[in-house]
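# A structural walkthrough
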Amino acid sequence: EDKVVQSPLSLVVHEGDTVTLNCSYEVTNFRSLLWYKQEKKAPTFLFMLTSSGIEKKSGRLSSILDKKELSSILNITATQTGDSAIYLCAVVNNNAGNMLTFGGGTRLMVKP
Amino acid sequence: EADIYQTPRYLVIGTGKKITLECSQTMGHDKMYWYQQDPGMELHLIHYSYGVNSTEKGDLSSESTVSRIRTEHFPLTLESARPSHTSQYLCASSSLIGAPDTQYFGPGTRLTVL
């Protein structure tokens with residue numbers, strides 16, 4: 001059974017801090033890893049990482065995939081209160097179509 | 001970004017009632033999904049569809065049923081709601097081409113069964 005573990009479970013920082021969120025996975029036939037941001041309702045897509053695209057960046061957010069360590073990190077620099085959310089990591093098993101297996105998420109709170 | 005809609009956004013209903021949660025998307029995506037998420041917990045896949053007339057059960061067992069008569073529409077039905085069905089239900093869709101692994105989520109329906 002595929003497994004995704006995220007750490008820390010929750011994190012409180014102040015505006016301007018840099019944070020690193022971790023995601024480790026066990027999947028029999030890895031195809032891709034996705035990061036989502038979930039505020040009050042729906043998860044919104046951030047990045048997808050694959051063997052051919054192990055590093056992605058968008059503004060203050062960036063993510064790296066380490067296939068050797070079976071993990072990924074999501075970095076947020078110069079955090080803002082609007083970054084407060086639950087960050088979800090999910091993996092796709094090449095043997096399971098494009099079904100996502102989600103981790104439990106990291107709850108980030110950014111204080112003014 | 002996909003346009004995907006869910007109604008109602010909130011529903012409070014009594015035990016034994018039949019309910020249908022609506023989900024529709026305007027992007028022509030072939031694949032659609034239903035997830036269940038309890039507060040502070042992981043998303044669990046309960047149903048998915050590869051296209052019209054295709055429905056499959058997900059990893060988490062659910063008493064709900066789904067149908068896919070039109071590409072854009074993927075409703076979820078509970079014949080007899082129970083308090084154990086209280087949860088948030090999220091619908092998602094993805095395309096078979098381009099970035100098929102990327103699922104786009106609707107705003108969710110928060111269901112409370114009294």
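Heads up: the structure comes first, above all this text.
This report concerns the structure included in the present document.

The rules behind each value
- Residues numbered from 1 in each chain as written.
- Chains lettered and ligands numbered in written order.
- Predicted model: local features only at pLDDT ≥ 70, side-chain atom pairs only at ≥ 80, totals over all residues.
- Heavy atoms only, no water.
- Helix = DSSP H or I, 4+ residues; strand = E, 2+ residues; numbered from the N terminus.
- Rg over C-alpha atoms; globule rule 2.2 N^0.38 Å.
- Buried < 20%, exposed > 50% of the residue type's maximum accessible area, 1.4 Å probe, protein only.
- Contact = heavy atoms within 4.5 Å.
- Areas by Shrake-Rupley, 256 points an atom, 1.4 Å probe, with all protein chains shown as cover.
- Lys, Arg positive; Asp, Glu negative; His and termini not counted.
- Charge placed at Lys NZ, Arg CZ, Asp CG, Glu CD.
- Pairing = 2+ DSSP bridges.
- Axes fitted to C-alpha atoms, helices over the stretch in contact; angles between N-to-C directions.

## Here's the deal with the overall build of chain B
Along the backbone of chain B there are zero helices and 11 strands. Counting from the amino terminus, chain B carries its helices and strands in the arrangement β-β-β-β-β-β-β-β-β-β-β. The C-alpha radius of gyration of chain B comes to 13 Å, within 12% of the 13 Å expected for a compact globule of 114 residues. Dimensions along the principal axes, computed over C-alpha positions, put chain B at roughly 45 × 30 × 25 Å. Within chain B, the proportion of its 114 residues that are buried is 48%. The contacts in chain B between residues at least 6 apart in sequence include a share of 55% that link residues at least 24 apart. Of the roughly 5400 Å² that chain B leaves accessible, carbon and sulfur atoms contribute 52%. Within chain B, the 12 negative side-chain charges are centred at a point lying 8 Å from the centre of the 9 positive side-chain charges.

## With respect to the sheet that holds strand β1 (residues 3–7) of chain A
All names here are of chain A. Strand order across the open sheet formed by five strands is β1-β3-β8-β7-β6, with antiparallel pairing between neighbours. Only two strands of the sheet have a single neighbouring strand rather than two, namely β1 and β6 (55–58). With direction set aside, neighbouring strand axes in the sheet form an average angle of 15°. Note: β6 against strand β7 (residues 61–66), four bridges, orientation antiparallel. Bridged to E55 within β7 is I64.

## Description of the pairing of strand β5 (residues 43–49) of chain B
Residue and element names in this part refer to chain B. The element β5 is extensively covered by neighbouring structure, given that six of its seven residues are classed as buried. Pairing geometry for strand β4 (residues 31–37) and β5, over six bridges, is antiparallel. Bridge pairing in β5 links M32 to S49. Hairpin remark: β4 followed by β5, antiparallel, with five residues in the connecting loop; positive phi at G40, about 70°. Where β5 meets strand β6 (residues 56–57), two bridges bridge the pair, whose relative direction is antiparallel. Its bridge partner lying in β6, H47 is registered against K57. Count of turn residues in the β5/β6 antiparallel hairpin: six residues, of which N53 carries a positive phi of about 70°.

These figures come from the coordinates and say nothing about function on their own.
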